[in-house]
Amino acid sequence: MGETLLEKVWRAHTVRTLPNGQTQLFIGLHLVHEVTSPQAFDMLRARGWRVSRPDRTFATVDHIVPTKDQRRPFLDVMAEDMMSALERNCRDYGIPMADLSSGRQGIVHVIGPELGLTQPGMTIACGDSHTSTHGAFGAIAFGIGTSQVRDVLASQTLAMSPLKVRRISVEGTLGRGVYAKDVILEIIRRLGVQGGVGYAYEYAGPVVERMTQDERMTICNMSIEGGARAGYVNPDETTFRYLEGRPFSPRGDAFERAVQWWASMASDRNATYDDEVTLDGATIRPTVTFGINPGQSVAVDERIPSPTDVPPQERTSLAEALEFMGLAPGAPIAGTPVDVAFIGSCTNARLSDLREAARIVTGRHVAPRVRGLVVPGSQAVSHAAEREGLDRLFRDAGFEWRGAGCSMCLAMNTDRLEGREICASSSNRNFKGRQGSPTGRTLLMSPAMVAAAAIAGEVVDVRTMIPAPESPAVR
Amino acid sequence: MSAVDRVSGRALPMRGDSIDTDRIMPARFLRAITFTGLEAHLFEDDRREADARANAGNGKPHPFSDPAYAGATVLLVNANFGCGSSREHAPQALHRWGIRAVVGESFSEIFFSNSVALGVPCVAVSRDAAGALMTLVEKDPATIVDVSLSDMRVSAGGTSHPIALPASARASFLTGHWDATGLLLREPEAIARVAGALPYVTGF
């Protein structure tokens, strides 16, 4: 009987079975940031414990960093405190850190892969629910809370209960103007925001196999939005090519040996799954959320549902969502006016995302009264984009070009919505108040769709704005 | 650590599916390096909205603002409670407010494990049972809700419902080992052995 990648990784990392029946699992890479770690370091100090494996721990700063003026000390006193606490903790415990002067700083889920820290077959943990992103490399990556951050710091292990595996196959091909973001939004819409509880999602099928690592990261990133604590794609040539030559990737002969081991960790052909789901990629259209959880979405050419269209147990939630969003049941989602356009976040702020958005805005201008913001996922993304002239393209189109960080995805810095503003956003959550204003409203969509909405001043089908096919990158 | 086998007290009904941790604890209150004082900001934005409506004569105040539920130790919720962000600030704030057990239809996994680490059991009941318990408590906020991990029942006002809790979490509560770090540090040689057998740790 074959095994899934999850089973292989689990077995290779099992330290022992704990008295309560959980598995003590070795964590190969612990990523640390400024929001969920200071209390964990304090707990460590209070108990007199050391950091067990600083060599398997890596820190950066992302959630609170200002994206406009990054000179130290930050103007925001609290942000400066959090930044200093992380620097002090990393210094005290010998943890490597990508700080603002390193050229390597960025959103933790963007820099891990970019630096080659994230590798197939690993277990990865981070005090952030979007840690599932790293599953795009065939790692098993968990979001954890601060007490568990303490556990990993102290022991480099976690107490975990086994996960079931659901294989989600996306068959066929995607249409032009349909992106990885649309695929994951469609998966969440079909399986629900809690459909993945108890599962790891294995994303597979021809559409996923043809995807770049960037696209796979977008899919795995939002596993948690579907309730799945982890999501992964089996590592393949695309993964290995991505990793070759990265700063923390193995080199020379070691790289060849690594590829062999990585490939051996992929799910066997005859592996058995706890559940299997198939989607036809050709039926997926550009998708937009209309509600207050990521499962409440429609295709851009569909109408917003009425409470009478949905099963009884969803009616209250739908009514609450429509009231909060101020959207009418039965109205088309296209044409919904937007005030802000945000291109950023660990879901969609990598170089390929910025390129796709740039193709839409080239030669056009942001609509009057729309505030457009481009926040690259990392300093490396930012520098690469600038080398290609994307910053100029966005600026010429009327967008602000900012420094790297989480920014308006969760508004822990000064980038936030005001009042009841509606934001077309390439981020991952449309929860009430998520983007910093308690009454602010979020419409999740692909970066290209955000770019299109910024130009049109309203939700619009990006397929009407994509330049004619000119390269294989255009679908 | 002490064993948790029973939580008994007044309850607070928090209706709604998929209440996310951004609502429980808005991100702006995560701008701190300790958890101190977080309980003051529980559901702050939701509370402000509901309380303003109530003051205008439209509906009830938010349950966390309603004096009728002050001092509650059991939180009653619906489905997928605590979804979204992994921020432990959410269960920390609930715990600091006084919540010692959560009874609901289902929970997000990260919220569930964060709560275990604080010694707060999140136990599952049917949708009907969750609704019945909430109605009971809304009618009489003085109702005592009793959650027993030994009997795996929740009882209130003469009614009783079965509860579900994964065996591992139940064992952790009943033995008082819900804070896992001590256990995880117990066998360092076993950890070193596993690490030493992983090609990526040894450099391929």
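Quick caveat: nothing in here was measured; it's all calculated off a predicted structure. Note that residues are indexed from 1 along each chain, following the sequence as it is written. Chains and ligands are labelled by the order in which they are written, letters from A for the one and numbers from 1 for the other. In view of the model being predicted, local features appear only for residues whose pLDDT reaches at least 70, and side-chain atom pairs are presented and counted only at 80 or more, with totals across whole chains, interfaces and linings using the full set of residues. The side-chain figures draw on all heavy atoms in the structure; neither hydrogens nor water molecules are used.

## Some points on the overall build of chain B
Here a helix means four or more residues in a row that DSSP labels H or I, a strand means two or more in a row labelled E, and each is numbered from the N terminus. Along the backbone of chain B there are nine helices and seven strands. Along the first, second and third principal axes, the C-alpha set of chain B runs to 70 × 40 × 25 Å. To sort residues, take the accessible area from a 1.4 Å probe on protein chains only and compare it with the maximum for the residue type: under 20% means buried, over 50% means exposed, and anything in between is partly exposed. Across the 204 residues in chain B, those meeting the buried criterion constitute 60%. Of the roughly 7,600 Å² of accessible surface on chain B, 54% is carried by carbon and sulfur atoms. Treating the 19 positive side-chain charges of chain B as one cloud and the 22 negative ones as another, the clouds have centres 2 Å apart. Surface accessibility follows the Shrake-Rupley procedure with a 1.4 Å probe radius. Residue values consider only the protein chains on display as shielding. A residue counts as positive if it is Lys or Arg and as negative if it is Asp or Glu; His and the chain ends are not included. By convention, charge coordinates are those of NZ in Lys, CZ in Arg, CG in Asp, or CD in Glu.

## Remarks on helix α13 (residues 379-387) of chain A
Buried within α13 of chain A we find Gln 379, Val 381, Ser 382, Ala 384 and Ala 385 of chain A. Buried residues in α13 of chain A make contact with α4 (108-114), α12 (351-361), α14 (390-396) and β17 (399-401) of chain A. Every residue pair with non-hydrogen atoms within 4.5 Å of one another is taken to be in contact.

## A few points about the pattern of salt bridges
All names here are of chain A. Between Lys or Arg on one side and Asp or Glu on the other, a salt bridge is scored when a side-chain nitrogen of the former is within 4 Å of a carboxyl oxygen of the latter. For the structure on display, the rule yields 42 salt bridges over all chains. Salt-bridge contacts for Arg 71 lead to Asp 69; the nearest nitrogen and oxygen are separated by 2.9 Å. For Asp 69, a relative accessible area of 26% translates into the label partly exposed. A salt bridge links Asp 391 to Arg 395; the nearest nitrogen and oxygen atoms lie 3.6 Å apart. Of this pair, Asp 391 and Arg 395 both sit in helix α14, four residues apart, roughly one helical turn.

## Looking at the environment of Gly 231 of chain A
Examined against the element boundaries, Gly 231 of chain A turns out to sit in strand β11 (residues 230-232). Not counting the four nearest positions on each side in its chain, Gly 231 of chain A is found in contact with Ser 132, Gly 135, Tyr 201, Tyr 203, Cys 220 and Ser 223 of chain A.

## Observations concerning the sheet that holds strand β6 (residues 153-156) of chain B
Residue and element names in this part refer to chain B. An order of β4-β3-β2-β1-β5-β6-β7 is seen for the seven strands of this open sheet, with the pairing classed as mixed. What marks the edges here is a single partner per strand, and that holds for β4 (122-124) and β7 (159-162). Strand-to-strand twist across the sheet, computed as the mean angle between neighbouring axes with direction ignored, equals 30 degrees. Pairing of strand β5 (residues 144-148) with β6, which is carried by four bridges, proceeds in the antiparallel orientation. By the bridge assignment, Ser 148 is partnered in β6 with Arg 153. The rule for pairing is simple: two strands pair if DSSP sees at least two bridges between them. Axis lines are fitted through C-alpha atoms, for helices just across the contact stretch, and the angle between N-to-C directions can take any value from 0 to 180 degrees.

## A look at the interface of chain B and chain A
Across the contact, 54 residues belong to chain B and 74 residues belong to chain A. Summed over both partners, the accessible surface that disappears when two parts come together, traced with a 1.4 Å probe, is what is meant by buried area. Interface area for chain B against chain A, summed over the two sides, is near 5,200 Å², with a carbon-plus-sulfur share of 57%. When the buried area of chain B at its contact with chain A is split by residue, Arg 31, Tyr 200 and Phe 204 of chain B rank highest and sum to 16% of it. Among the salt bridges present, the one from Asp 22 of chain B reaches Arg 434 of chain A, with a minimum N-O distance of 2.8 Å. Nitrogen and oxygen atoms within 3.5 Å of one another constitute a polar contact, given that in protein one can donate a hydrogen and the other can accept it, and given that sequence-neighbouring residues count only through two side-chain atoms. Linking chain B with chain A are 26 residue pairs in polar contact (both at pLDDT 80 or more). If you list the elements that add at least two residues to the side of chain B that touches chain A, you get α1 (21-24), α2 (44-55), α4 (109-117), α6 (167-175), α7 (181-184), α8 (188-196) and α9 (199-202) of chain B. Gly falls in the polar group here, along with every residue not listed as nonpolar (Ala, Val, Leu, Ile, Met, Phe, Trp, Tyr, Cys, Pro) or charged (Asp, Glu, Lys, Arg). The residue makeup of the side of chain B that touches chain A, split by class, is 24 nonpolar, 14 polar and 16 charged.

## Thoughts on the side chain of Ser 172 of chain B
Inspection of the secondary structure assignment puts Ser 172 of chain B in helix α6. Filtering out sequence-adjacent residues up to four positions away, Ser 172 of chain B remains in contact with Asn 20 of chain A together with His 177 and Trp 178 of chain B.

## Notes on the packing of helix α2 (residues 38-47) of chain A against helix α5 (residues 146-155) of chain A
All names here are of chain A. Running from amino to carboxyl end, α2 crosses α5 at an angle of 55 degrees, the nearest separation of the two axes being 8 Å. The pairing of α2 with α5 is recorded here as oblique in orientation. Handedness of the crossing formed by α2 with α5: right-handed. Contact with α2, carried on its side by Gln 39, Ala 40, Phe 41, Met 43, Leu 44 and Arg 47, involves Thr 146, Ser 147, Val 149, Arg 150, Leu 153 and Ala 154 of α5 and no other residues of that element. Under this scheme an angle from 65 to 115 degrees is roughly perpendicular, one under 35 degrees roughly parallel, and one over 145 degrees roughly antiparallel; angles in between are oblique. For any pair of crossing helices, the crossing counts as left-handed if the nearer helix is rotated counterclockwise from the farther one by less than a right angle, and right-handed if it is rotated clockwise.

## Let's talk about the confidence of the model for chain B
Mean pLDDT over chain B stands at 97; residues scoring 70 or higher make up 100%. Among the scores for the predicted complex, ipTM is 0.97 and pTM is 0.97. Each residue carries a pLDDT score, the predictor's own confidence in it, on a scale running from 0 to 100.

## Considering α8 of chain B
All names here are of chain B. When α8 is considered as a whole, its buried residues turn out to be Ala 190, Ile 191, Val 194 and Ala 195. Across the axial projection of α8, the buried residues extend over an arc of 135 degrees, all falling on one side. Opposite the buried face of α8, at more than 90 degrees from it, the exposed residues are Glu 189 and Arg 193. In this description, the arc belongs to the directions extending from the helix axis to the C-beta atoms.

## Section: the environment of Asp 146 of chain B
All names here are of chain B. Along the polypeptide, Asp 146 turns up in strand β5. Look at Asp 146 and you get buried, because its relative accessible area is 15%. Sequence-wise, Asp 146 and Phe 173 are 27 residues apart; in three dimensions their C-alpha atoms are separated by 16 Å. Leave out the neighbours within four places in its chain, and Asp 146 touches Arg 6, Val 7, Ser 8, Arg 153, Val 154 and Ser 155. Within the structure, Asp 146 has its side chain in polar contact with the side chain of Arg 6 (distance 2.9 Å). Here Ser 8 takes part through its side chain, which lies 2.9 Å from a polar atom of the side chain of Asp 146.

## A short note on the pairing of β5 of chain B
Residue and element names in this part refer to chain B. Where burial is concerned, most of β5 is hidden: four out of the five residues are buried. As defined by bridge partners, strand β1 (residues 6-14) adjoins β5 across five bridges and the pair is classed as antiparallel. Its bridge partner being in β5, Arg 6 is matched across the sheet by Ser 148. Here β5 folds back onto β6 in antiparallel fashion, the turn holding four residues, of which Met 152 has a positive phi close to 55 degrees.

## Side note on the pairing of strand β10 (residues 199-204) of chain A
If a strand is regular, its side chains alternate between the two faces of the sheet. Residue and element names in this part refer to chain A. When you tally the buried positions in β10, you get six out of six residues, the bulk of the element. Every second residue of β10 is oriented toward a common face, with Tyr 199, Tyr 201 and Tyr 203 on one face and Ala 200, Glu 202 and Ala 204 on the other, all of them buried. Direction of pairing for strand β9 (residues 164-171) relative to β10: parallel, over a ladder of six bridges. In the sheet register, Ile 168 faces β10, and the bridge partner there is Tyr 203. A clockwise course of the path from the first strand over the helix to the second, judged with the strands pointing away from the viewer, identifies a crossover as right-handed. Remark: the β9/helix α6 (residues 180-191)/β10 crossover connection has right-handed handedness.

## Let's talk about the nonpolar core
Among soluble globular proteins, nonpolar side chains are generally buried collectively. In terms of nonpolar packing, the biggest core is built from 220 residues, with Tyr 203, Phe 394 and Phe 399 of chain A together with Leu 75, Phe 81 and Val 147 of chain B touching the most fellow members. Top element by residues in this core is helix α15 (residues 447-456) of chain A. It accounts for eight residues. Every residue in contact with Phe 394 of chain A, bar those within four places of it in the chain, is listed here: Ile 343, Leu 354, Ala 357, Ala 358, Val 361, Val 374, Phe 399 and Trp 401 of chain A. We call a set of buried Ala, Val, Leu, Ile, Met, Phe, Trp, Tyr and Cys residues a nonpolar core when their side-chain atoms join them within 4.5 Å. Counting residues in hydrophobic clusters, the runner-up holds eight residues, among them Phe 342, Val 375, Met 408 and Cys 409 of chain A.

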